[in-house]
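# Geometric and topological summary
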Amino acid sequence: MRIGLYPGTFDPITLGHTEIIRRACALVDRLVIGIAINRDKGPLFPLEERVAMVEEECAGIAESTGTEIRVHPFENLLIHCAADVGASIIIRGLRAVSDFEYEYQMVGMNRAMNDEIETVFLMADAHYQAIASRLVKEIARLGGDISGFVSPRIETALSERLLPAGGAAARVAGG
Ligand code: ADP
């Protein structure tokens, strides 16, 4: 059985991520989505919510591709997480040239630690290539339309999470 690990922060999962997940399913029998706990990065959504959102977004993909999808939160080294879940490949998405430098270094370092795990890079469809969770959050915070970047479910989750402050401010402004 070929197992792949697709790691990330998924804060929150975007249509760019789901595109990569869908494509990765064609390469493996089981795809483990590694959700980095990333306390230092100060994620907007707590781990439990990021896990629930990824599980919900992936249910349909697992059904349509026939690939088993599991969600696995992790806080240790990526290469150790890959060994923990029995993955022989790590899947990463590439958006722009700017992603390359960091990913190139990561592959080098990971290979030095474990040469048996291969990293595979996938690119999303052109339509989804530019999507980044960080920018989606920024746009949502400023009241922009994010419907082209995330699913309706994530759009609602974002507005609920960002609304308390905005809603209170609007209520004060409105008297
Ligand atoms: P990280 O903190 O590891 O960058 P992210 O959740 O932002 O975590 O991204 C996880 C992975 O998904 C990374 O490999 C990232 O390059 C990839 N990715 C995210 N958005 C896209 C996209 N729109 N197109 C292709 N790959 C993407």
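Above this text sits the structure in question.
In this report, we go over the structure that sits alongside the text.

Rules of the game
Residues numbered from 1 in each chain as written. Predicted model: local features only at pLDDT ≥ 70, side-chain atom pairs only at ≥ 80, totals over all residues. Heavy atoms only, no water. Helix = DSSP H or I, 4+ residues; strand = E, 2+ residues; numbered from the N terminus. Expected span 1.5 Å × (residues − 1). Bend = angle between axes of the 7 residues up to and from the residue. Buried < 20%, exposed > 50% of the residue type's maximum accessible area, 1.4 Å probe, protein only. Core = buried A, V, L, I, M, F, W, Y, C linked by side-chain atoms within 4.5 Å. Domains from an automatic or database assignment. Contact = heavy atoms within 4.5 Å. Near = heavy atom within 4 Å. Polar contact = N/O pair within 3.5 Å; in protein donor to acceptor, adjacent residues only side chain to side chain. Areas by Shrake-Rupley, 256 points an atom, 1.4 Å probe, with all protein chains shown as cover.

## Side note on helix H2 (residues 47-65)
For H2, with 19 residues, the first-to-last C-alpha span of 26 Å sits near the 27 Å given by 1.5 Å per residue. Of all bends in H2, the biggest is about 35°, found at Cys 58. By the burial criterion, the buried members of H2 are Leu 47, Arg 50, Val 51, Met 53, Val 54, Glu 57, Cys 58 and Ile 61. Gly 66, located one to two residues past H2, shows a positive phi value of around 80°.

## Quick look at the nonpolar core
Counting 35 residues, the largest nonpolar core has Ile 21, Leu 31, Ile 33, Ile 91 and Leu 158 as the members making the most contacts within it. When residues in this core are grouped by element, the largest group, six residues, is from H2. Residue-level mapping places this core at the junction of two domains, with at least three residues from each of domain 1 (3-130) and domain 2 (132-175). Apart from residues no more than four positions distant in its own chain, Leu 158 is found in contact with Pro 12, Leu 44, Phe 45, Val 136, Lys 137, Ala 140 and Ile 146. Membership of the second largest hydrophobic core comes to 13 residues, among which are Leu 5, Val 32, Leu 78 and Ile 90.

## Some thoughts on the site of the ligand
The full set close to the ligand counts 18 residues, and Tyr 6, Thr 9, Lys 41, Gly 93 and Tyr 128 are the nearest of them. Here an oxygen atom of the ligand sits 3.0 Å away from a polar atom, N or O, in the main chain of Phe 10. Contact between the ligand and Gly 93: an oxygen atom at 2.6 Å from a main-chain N or O atom of the residue. Compared with its free state, where it exposes 550 Å², the ligand has 89% of that area covered by protein. Residue assignment for the shell around the ligand shows that the elements contributing at least two residues are strand S1 (3-8), helix H1 (15-24) and strand S4 (89-93).

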